[in-house]
Amino acid sequence: MDLAARKNIFKERFDQIKDIDLIQRFEEFLELQLSNKKIVAYTVQGEELT
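All values derive from a computational prediction rather than experimental measurement. (Residues numbered from 1 in each chain as written. Predicted model: local features only at pLDDT ≥ 70, side-chain atom pairs only at ≥ 80, totals over all residues. Heavy atoms only, no water.)

### Focus: the environment of Gln33
Within the secondary structure, Gln33 sits in helix α2 (residues 20–34). By relative accessible area, Gln33 is classed as partly exposed at 40%. (Helix = DSSP H or I, 4+ residues; strand = E, 2+ residues; numbered from the N terminus. Buried < 20%, exposed > 50% of the residue type's maximum accessible area, 1.4 Å probe, protein only.)

### So, the environment of Lys38
Relative to the helices and strands, Lys38 resides in the loop between α2 and β1 (41–42). Leave out the neighbours within four places in its chain, and Lys38 touches Leu49 and Thr50. (Contact = heavy atoms within 4.5 Å.)

### Observations concerning the packing of aromatic side chains
Counted according to the given criterion, the structure contains three aromatic pairs. Taking 5.8 Å as the distance between ring centres and 80° as the angle between the ring planes, the aromatic pair formed by Phe10 and Phe26 counts as edge-to-face. Remark: Phe26 occurs in helix α2 and Phe10 occurs in helix α1 (residues 3–15); sequence separation between them is 16 residues. On the accessibility criterion, Phe26 (27% relative accessible area) is partly exposed. With 5.4 Å between their ring centres and 75° between their planes, Phe14 and Phe26 make a pair best called edge-to-face. Here Phe26 lies in helix α2 and Phe14 lies in helix α1, a separation of twelve residues in the sequence. (Phe/Tyr/Trp six-rings, centres within 6.5 Å; stacked < 30°, edge-to-face > 60°.)

### Observations regarding a nonpolar patch on the surface
The grouping of Phe29, Leu30 and Leu34 at the surface amounts to a nonpolar patch, some 350 Å² of accessible area in total. Relative to the assigned elements, Leu34 resides in helix α2. Under the relative-accessibility criterion, Leu34 is labelled exposed at 74%. (Patch = residues over 30% accessible without salt bridge, like charges linked within 9 Å, V, L, I, M, F, W, Y side chains within 5 Å. Areas by Shrake-Rupley, 256 points an atom, 1.4 Å probe, with all protein chains shown as cover. Salt bridge = Lys/Arg side-chain N within 4 Å of Asp/Glu carboxyl O.)

### Describing α2
Taking 1.5 Å per residue as the helical rise, α2 with its 15 residues ought to reach 21 Å, and the 21 Å between its terminal C-alpha atoms agrees with that figure. Near the N-terminus of α2, the side chain that reaches the backbone nitrogen of Asp21, with its oxygen 2.9 Å away, is that of Asp19. (Expected span 1.5 Å × (residues − 1). Polar contact = N/O pair within 3.5 Å; in protein donor to acceptor, adjacent residues only side chain to side chain.)

Here you go:
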């Protein structure tokens, strides 16, 4: 399966999500992946350290 096909399947599945918290987690994940920041550790409170 090529990249375009996989992206289309992902988009279709993403459109079915009803949980706003899950959408927010995807947004945070994409923001991190598309930025130059890399998580190197977490604080005791669970906050990311870059």
